[in-house]
Number of protein chains: 2
Amino acid sequence: MSSVSFLADTARVDSAAIAPLPASRKVYIEGPRADIRVPMREISQSPTTTSGESEENPPLLVYDTSGPYTDPEANIDIRRGLFDLRRAWIDGRDDTEWLDGPTSEYGQRRAEDPRLATLRFDLKRTPRRAKAGRNVTQMHYARQGIVTPEMEFIALRENQRRQTLSTKYSGTAEVERILGHQHSGESFGARLPEEITAEFVRREVAAGRAIIPNNINHPESEPMIIGRNFLVKINGNLGNSAVTSSIEEEVDKMTWGIRWGADTIMDLSTGENIHETREWIIRNSPVPIGTVPLYQALEKVKGVAENLTWEIFRDTLIEQAEQGVDYFTIHAGVRLHHVPMTANRTTGIVSRGGSIMAKWCLAHHEESFLYTRFEEICAIMKAYDVAFSLGDGLRPGSISDANDAAQFAELETLGELTQIAWRHDVQVMIEGPGHVPMHLIKENMDKQLECCDEAPFYTLGPLTTDIAPGYDHITSGIGAAMIGWYGCAMLCYVTPKEHLGLPDRDDVKTGIITYKIAAHAADLAKGHPASQRRDNALSKARFEFRWEDQFNLGLDPDTAREYHDETLPKDSAKVAHFCSMCGPKFCSMKISHEVRDHARQRGLLGTTDEETLKRGMSEQAERFREEGGELYREL
Amino acid sequence: MSSVSFLADTARVDSAAIAPLPASRKVYIEGPRADIRVPMREISQSPTTTSGESEENPPLLVYDTSGPYTDPEANIDIRRGLFDLRRAWIDGRDDTEWLDGPTSEYGQRRAEDPRLATLRFDLKRTPRRAKAGRNVTQMHYARQGIVTPEMEFIALRENQRRQTLSTKYSGTAEVERILGHQHSGESFGARLPEEITAEFVRREVAAGRAIIPNNINHPESEPMIIGRNFLVKINGNLGNSAVTSSIEEEVDKMTWGIRWGADTIMDLSTGENIHETREWIIRNSPVPIGTVPLYQALEKVKGVAENLTWEIFRDTLIEQAEQGVDYFTIHAGVRLHHVPMTANRTTGIVSRGGSIMAKWCLAHHEESFLYTRFEEICAIMKAYDVAFSLGDGLRPGSISDANDAAQFAELETLGELTQIAWRHDVQVMIEGPGHVPMHLIKENMDKQLECCDEAPFYTLGPLTTDIAPGYDHITSGIGAAMIGWYGCAMLCYVTPKEHLGLPDRDDVKTGIITYKIAAHAADLAKGHPASQRRDNALSKARFEFRWEDQFNLGLDPDTAREYHDETLPKDSAKVAHFCSMCGPKFCSMKISHEVRDHARQRGLLGTTDEETLKRGMSEQAERFREEGGELYREL
């Protein structure tokens, strides 16, 4: 335990991760009942000043994954964990029971080990489980026609109060003037309603087209949804390895990751105290947590894959389900007969889970227990509402291996397993590649939709080339944006350290921002309602030299401000009508304003009203085009 | 001149920019004549060691833009400039004459100004120009059926000696075993022959589908080609602004940019001594140099757009053509009647050249002199072989303005101008946007191909969202990869400082690497012959834990090595069969090898021959699939 620099009684939240973002305040959208309060971030803007007149710019509301951390009103003490906001909702359904304590053999052993006292999160409550014969998944409720508070919460969250502004101003022209217009998009079959209702959420979950990962033992989580008819989501991974890093670092990475926009976090730790690390992370996480239980199971057999058993794996599922893990990556699609299909590959099997199971299958000459015991796994999942993230154990690890027979054979198996899980009303998403050249990405997406009957796709990248180690956030950001556009529901980030080492804090941030870009570019291209509002607001600020607004409306205000300050550090430069890139004489935006001013000064149209001016200029242009000659001669 | 930290007699090449890249040596492909020697970079690899046996991995040949700088044999003295390798070819055509000195009024004035002595590059020769009545463009030669040495050079360069390896090994299976297979790609109509012949180059140039930018006054340049039936190219911008930076920095940025892969460099300087800076850059640049002459013309009228005249602009064209600029961005498509079409835009006119001309047009109530004098401009271009880069003065500066009427109206005008330039046998490429959401990129590309009759497209990005200032290399890298795939011939880089400030050295490198990724991802997706070879080699090295090879085969070996060393700094880690990301127990690649070893040790197929083993495993899999049961039971 010498590597652990973390003691429970001195644990503190990372101060850099809790300050509100610049010009931002936490607001809550009130729901249909008092205990549904959906957090959003409101970014304020300064007014536009033209010719001495000033016009307000409305604040921009953005989706906020940071939970209570960025709310100065919240009293954060990571030793106590976050408020369990979903507790009353779970209580209200009256289909769960409190257990006396962990029911897994391993969970009990860790709870009783006195040597772990200094590491342990001091949890006051015991785990919950479905009452005998009950099914507590959101899919189960949805299929019975029940709209849960979680679904209500999500409807408000996905809507981003986009109707408010539209109704505040009268008529389409006024709305467009304030918010800018939006391109119509190409959604490739995704259905993106103007308004997200709780009933729409329910229907999507019932159909399996979306999942709400929220274990009943993670009542601290703010409900979110993953499905292609909603905003594209991103996942950030964290996790120590046997080689380096500590519990404290991992908790910090979680709060850091959600600050910049991670919608879910996967804890991929593989070290000594992963049970305790996980507890700290879940208790302090407002976003769903995913894991790969196989990693811990392998730890339990000291890394010897052949020694894995169903019993050990099963105990691990229960252990983690009772801690509150929201989704499990399970590589049940790696079947014995698939393994030899990887023999001709350039990079064999590159999924850790996939390679472990392949080794087990070959060693025992037996079908994978993840496959043969799949219904038993479903029975555990539905007792806690853990969602499946069916792992792509045979994903391609190189451009060469993309879309090959092994990958697609596994995908077909994942489709079969999806149907089984759905028979149990267990929520499912499907993991995807990997490394795929651009022209094969759509085939991958379409094949997934077809095989898995529109269960949400959750992909790593894909990386669109192998030749840039050190820049795989970019090689994969390209593929992520594209597959998000084509219909992928959640994008698993890749950091600059991919293939080379464990990401540090800066790498986590770079990975998250890159993937927020990819997800947003995808929303824009799909034509997600109101997604262009942020682009429009930022570009308007840019054109009007509202530098602070430009920084604050961006995904990373700190870096934008820092870059600007490197060359023009004085505060006066923040109001300057140029930047160091072009300097004052060559600023096209400045000249562009002069062009408009010029027309105005010449008494063109005798008005200072912007709208009338623009309309008049357009009419003049038309006349000019028809008649030839000078533009403004008649004025 | 106090800001200039550069004196001609002490000028030195930046030492960081001249060392060969790791494990790389400069090789020259010999052409059909002794003075055609095409530089390439050869990356050596270590052998593969399996079960004690060792097998060679062939060195990888890659396209090399760094010129003599990375050749230790070359004697670099930037005070003397590079060797003028094309001089004999130009002499041989006997269609040019040496002038007595600069013929532009401004060029003469600068040459005679004693105060510039300490800044001036000491050029021993005078400029050349076409003899009266002659046309010295590569397009002109091509249309007469002449294959120039430049075309021969390019054919060898684009081929990358890809036939050599294919013939060295016998039969397709052997080639595929060594080099890996390649996906077939989707080229969207691009024609990508297996072998690039000089005749193919000639035909493409004659048809206007590709350009060879090489001014007869830039004989130091290594010929390269821009067209969608060739490798996708990238451009890096440099240039001081009135606000900051010096001559020395700009020369350093050029050598730094080509080291990492810039195929051309645009000098966008706008300061005091841009004439002298440009001379230093051209004399030391092995890649084509582009400029926007309007910027300097505007300097000459002290930044007052209205005071620009055709005479000043014409003198600037001649001044720069006689220095050796290879392509001119000229915003001749911004017509008077287009200007009002921008009035409803979110971000007006964001091209510097476009906004200057718009202002001029409105101030004078006259059609742009760039448009009315276009044939006179062509006459200058063909006397030096300067190529047009027809500027997109009305490109969208925000997602909101993408693919609007103003942009497409200008594009149609650019199509008309292309036809005029082609009547003069002047080479043309077309500049493109800008900011475009993903779903509108293909429309942009298709419209350009249609309007401009397949003249090469040269785009900035496009940026696929506006919301990430500080990360616009990424927002635009996504769009660049996609438009490159769809048919764009050259991608103009965007650095992380875009919209915020002037890029420094690190930003230049980040921008270049990002765009090399985009260009290569595009080549892969198009199915460019042999483009997958580098991916295959790198992935094979990765799978075989040849760490050094993995670093060296990548676009940026230094960064990859540095990232790896951050967590596993010891040299022994370079041969370790795992990395810090997963650690030794969880390395999927390690386990994947164990899976193969396992099968081998069980005497499966009684062979250690990899090929037979793989074949056997596949057959077993097939049998297993048909019969069910255990995989290896019959062995």
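The model shown is predicted, which means the values in this text are computed figures rather than measured ones. (Residues numbered from 1 in each chain as written. Chains lettered and ligands numbered in written order. Predicted model: local features only at pLDDT ≥ 70, side-chain atom pairs only at ≥ 80, totals over all residues. Heavy atoms only, no water.)

On to the overall build of chain A. The secondary structure content of chain A amounts to 23 helices and 17 strands. Considering only intrachain contacts with a sequence separation of at least 6, the fraction spanning at least 24 residues in chain A is 75%. With an accessible surface of roughly 20900 Å², chain A has 48% of that area assigned to carbon and sulfur atoms. (Helix = DSSP H or I, 4+ residues; strand = E, 2+ residues; numbered from the N terminus. Contact = heavy atoms within 4.5 Å. Areas by Shrake-Rupley, 256 points an atom, 1.4 Å probe, with all protein chains shown as cover.)

Now for the pairing of strand 11 (residues 264-267) of chain B. Within a regular beta strand, the side chains point alternately toward one face of the sheet and then the other, so they alternate between its two faces. Residue and element names in this part refer to chain B. Of the two faces of strand 11, both are covered, the one formed by Thr264 and Met266 as well as the one formed by Ile265 and Asp267. Pairing geometry for strand 10 (residues 233-238) and strand 11, over four bridges, is parallel. Across the sheet, residue Gly236 finds its bridge partner in strand 11, namely Ile265. Looking at chain direction, strand 11 and strand 12 (residues 289-291) are connected through three bridges and run parallel. When the sheet's bridge partners are listed, Ile265 is paired in strand 12 with Ile289. (Buried < 20%, exposed > 50% of the residue type's maximum accessible area, 1.4 Å probe, protein only. Pairing = 2+ DSSP bridges.)

Taken together, the contact pairs 132 residues of chain B with 132 residues of chain A. Summed over both partners, the interface of chain B with chain A comes to about 11400 Å²; 68% of that surface belongs to carbon and sulfur atoms. Here chain B and chain A share two salt bridges between them. Residues Glu566 of chain B and Lys497 of chain A are paired through a salt bridge, measuring 2.7 Å at the closest nitrogen-oxygen approach. Joining chain B to chain A, the criterion identifies 20 residue pairs in polar contact (both at pLDDT 80 or more). (Buried area = accessible area lost by both parts, 1.4 Å probe. Salt bridge = Lys/Arg side-chain N within 4 Å of Asp/Glu carboxyl O. Polar contact = N/O pair within 3.5 Å; in protein donor to acceptor, adjacent residues only side chain to side chain.)

We now examine the pattern of salt bridges. Residue and element names in this part refer to chain B. Counted under the stated rule, the structure contains 88 salt bridges over all chains. Across the pair Glu454 and Arg191 runs a salt bridge, and its minimum N-O distance is 3.1 Å. Taken together, the residues Glu454 in the loop between helix 16 (441-451) and strand 16 (457-460) and Arg191 in the loop between helix 6 (171-179) and helix 7 (198-207) connect sequence positions 263 residues apart. Here Arg191 falls in the partly exposed class, since its relative accessible area comes to 37%.

Residues and elements named next belong to chain A. The sheet built from eight strands closes into a barrel, its strands ordered 10-11-12-13-14-15-16-17 with parallel pairing. Mean inter-strand twist for the sheet, computed between neighbouring axes without regard to direction, equals 25 degrees. Of the strand pairs in this sheet, strand 12 (residues 289-291) and strand 13 (residues 327-330) are connected by two bridges, and their pairing is parallel. Each residue of the ladder has a partner; that of Thr291, found in strand 13, is Phe328. Lying on the sheet, helix 11 (residues 310-323) is in contact with strand 12 and strand 13; it crosses strand 13 at an angle near 155 degrees. (Axes fitted to C-alpha atoms, helices over the stretch in contact; angles between N-to-C directions.)

Take helix 19 (residues 532-543) of chain A next. Helical geometry: 3.6 residues make up each α-helical turn, so side chains three or four residues apart lie on a common side. All names here are of chain A. In a regular helix each residue adds 1.5 Å, so 12 residues correspond to 16 Å; helix 19 covers 16 Å between its end C-alpha atoms and thus fits that length. Of all 12 residues in helix 19, 12 are buried, a share of seventy percent or more. For helix 19, the complete set of buried residues consists of Gln532, Arg533, Arg534, Asp535, Asn536, Ala537, Leu538, Ser539, Lys540, Ala541, Arg542 and Phe543. Phi turns positive one or two residues past the end of helix 19, at Phe545, with a value near 55 degrees. (Expected span 1.5 Å × (residues − 1).)

Our next topic: the packing of helix 10 (residues 293-300) of chain B against helix 12 (residues 352-364) of chain B. Residues and elements named next belong to chain B. At a minimum axis separation of 9 Å, helix 10 and helix 12 run at an interaxial angle of 50 degrees. Considering the angle they form, helix 10 stands oblique to helix 12. Considering only the axes of helix 10 and helix 12, their crossing is left-handed. Residues Leu294, Tyr295 and Leu298 of helix 10 touch helix 12, and the partners they reach there are Arg352, Gly353, Ile356 and Met357. (Parallel < 35°, antiparallel > 145°, perpendicular 65-115°, else oblique. Left-handed = near helix turned anticlockwise from the far one by under 90°.)

This part takes up the relation of the copies chain B and chain A. For these two chains of identical sequence, chain B goes onto chain A by a turn of 180 degrees and a shift of 0.0 Å along the axis, with RMSD 0.0 Å. What the rotation and shift describe, once combined, is the action of a two-fold rotation axis. No C-alpha of chain B approaches the rotation axis more nearly than that of Ile478 of chain B, which lies at 2.3 Å. When the interface residues of chain B are mapped onto chain A, 100% of them again fall at the interface, so both copies present the same face. (Least-squares fit on C-alpha atoms with pLDDT ≥ 70 in both.)

For the rest of this paragraph, the subject is helix 16 (residues 441-451) of chain A. All names here are of chain A. Buried residues of helix 16: Ile441, Asn444, Met445, Lys447, Gln448, Leu449 and Cys451, and no others. Buried positions along helix 16 lie against helix 15 (405-423), strand 15 (428-432), strand 16 (457-460) and helix 17 (472-486). One or two positions beyond helix 16, positive phi appears at Asp453, with a value near 55 degrees.

Turning our attention to the confidence of the model for chain A. Residue and element names in this part refer to chain A. In this model, chain A carries a mean pLDDT of 89, and residues with pLDDT of at least 70 account for 87%. Across residues 1-5 the pLDDT falls below 50, and counting only partners more than four positions away or on other chains, this stretch makes 10 contacts in the model. Contacts from residues 603-610, a stretch scored under 50 in pLDDT, to residues over four places away or in other chains number 15 contacts. Here the complex is predicted with pTM 0.93, and the ipTM for its interfaces comes to 0.93. (pLDDT = per-residue confidence, 0-100.)

Our next topic: the sheet that holds strand 2 (residues 37-43) of chain A. Strands in a sheet are paired, the pairing made by backbone hydrogen bonds, and the direction either parallel or antiparallel. Residue and element names in this part refer to chain A. Across the sheet, three strands lie side by side as 1-2-5; this open sheet has antiparallel pairing. Bordering the open sheet on either side are strand 1 (24-30) and strand 5 (60-63), each of which pairs with just one other strand. Averaged over all adjacent pairs, the angle separating strand axes in this sheet is 45 degrees, with direction ignored. Bridge count between strand 1 and strand 2: seven bridges; the pairing is antiparallel. Within the sheet, the bridge partner assigned to Val27 lies in strand 2 and is Met40. Packed on one face of the sheet, helix 4 (residues 149-159) meets strand 1, strand 2 and strand 5 and runs near 15 degrees to strand 2. Relative to strand 5, helix 19 is tilted by about 135 degrees, and along the sheet it contacts strand 2 and strand 5.

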